[in-house]
Amino acid sequence: MFAARFARSAIPRAGFARSYAVAAAASNSVKPPVQLFGIDGTYASALYTASAKTNALDTVDKNLQQLKATLEKDLKLNQIIASPTLDPQAKNAIVTELQKLIGADKNIENFLQILAENNRLGLLKSVIDKFEVLMKAHKGEVEAIVTSAQPLDSRTLSRLESAISKSAFIGQGQKLRVSNKVDTEIVGGLVVEIGDRTIDLSVSSKMAKLNKLLTDAL
């Protein structure tokens, strides 16, 4: 029954991301605020365009945040939706259950069904993260994630925020938000992610480059 309702919707079943990407490019009034890359970025951009056309951006964003919170709490659910061997009946059952969590928004309904049909449910959390990037850009916010081997103190973060805010990465009128993520594997230094850009100043990256130079020279 769910699939039948989806078939009757205004949004085509096949080629959801492709068709909406084309529609976004053809329209001057509806266009993602920043360009994203990767399959997850394509789906997020398509969902953004579809939601903007129906004036449902805030509703879709709220619903996706609900889904994200559920995925973060339920590790078993993450494993299930990431399985490449799910049959169509199982996929529809998962979509139905996810839909119950957030209500009957048509954009989300179509989006989840297409992910299921294309065996991309495992990308759900990643797509939600990319949609967050689009929504922050839509609101004039730019998030910078600074990854370090050890937690950074507030003074260091403040200095980084000041430096980044004066860079070419931040446009006039945009609001910068800086957060710190800890990853001991980078050994030292910093990795700065601003939107879809990455500035890798980590010790591990420098070591990898040095090792490659030495290997190529032998």
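Position numbers for residues start from 1 in each chain and track the written sequence from start to end. Totals for whole chains, interfaces and linings use every residue, but because this is a predicted model, local features are given only for residues with pLDDT of at least 70 and side-chain atom pairs only at 80 or more, for both listing and counting. With hydrogens and water excluded, all non-hydrogen atoms of the structure serve as input to the side-chain values.

- The chain appears in an unreviewed UniProt entry as ATP synthase subunit 5, mitochondrial from Terfezia boudieri ATCC MYA-4762.
- UniProt positions are given in the numbering used here, feature names are shortened, and annotations may be inferred rather than shown by experiment. Listed under Sequence similarities (unreviewed entry) in UniProt, the entry text for the chain is "Belongs to the ATPase delta chain family."
- The Subcellular location (unreviewed entry) field of the UniProt record for the chain holds the comment "Membrane".

Quick look at the nonpolar core
Reasoning step 1: In terms of nonpolar packing, the biggest core is built from 31 residues, with Leu64, Phe111, Leu112, Leu124 and Phe131 touching the most fellow members.
Reasoning step 2: Broken down by secondary-structure element, the contributors of at least two residues to this core are helix H3 (38-53), helix H4 (57-73), helix H5 (75-81), helix H6 (88-102), helix H7 (106-117) and helix H8 (124-138).
Reasoning step 3: Contact definition: two residues touch when any of their heavy atoms are within 4.5 Å. The contacts of phenylalanine 131, once residues within four sequence positions are left out, are Ala44, Leu47, Tyr48, Leu57, Val60, Asp61 and Leu64.
Reasoning step 4: We define the nonpolar core as a collection of buried residues of types Ala, Val, Leu, Ile, Met, Phe, Trp, Tyr and Cys that are connected through side-chain atoms lying within 4.5 Å of one another. For every residue, the accessible area (1.4 Å probe, protein chains only) is compared with the maximum for its type, and the residue is labelled buried under 20%, exposed over 50%, or partly exposed between those bounds. By size, the runner-up hydrophobic cluster in this structure holds 9 residues, among which are Val142, Ala144, Val146 and Ile170. Under the scheme used here, helices are H or I runs from DSSP no shorter than 4 residues and strands are E runs no shorter than 2 residues, and both carry numbers assigned from the N terminus.

Quick notes on the environment of phenylalanine 111
Reasoning step 1: Among the structural elements, phenylalanine 111 can be located in helix H7.
Reasoning step 2: Along the sequence, phenylalanine 111 and alanine 50 sit 61 residues apart, while their C-alpha atoms lie 9.6 Å from each other.

Re the sheet that holds strand S4 (residues 197-202)
Reasoning step 1: Strand order across the open sheet formed by 4 strands is S2-S1-S3-S4, with mixed pairing between neighbours. Looking at which strands have only one partner, the edges of the open sheet turn out to be strand S2 (175-182) and S4. When the angles between neighbouring strand axes are averaged without regard to direction, this sheet yields 15°.
Reasoning step 2: Pairs of strands are assigned from DSSP output, requiring at least two bridges between the strands. Across 5 bridges, the pairing between strand S1 (residues 141-148) and strand S3 (residues 189-194) is antiparallel. Where helices are involved, their axes are fitted lines through C-alpha atoms of the stretch in contact, as for all axes, and angles between N-to-C directions lie from 0 to 180°.

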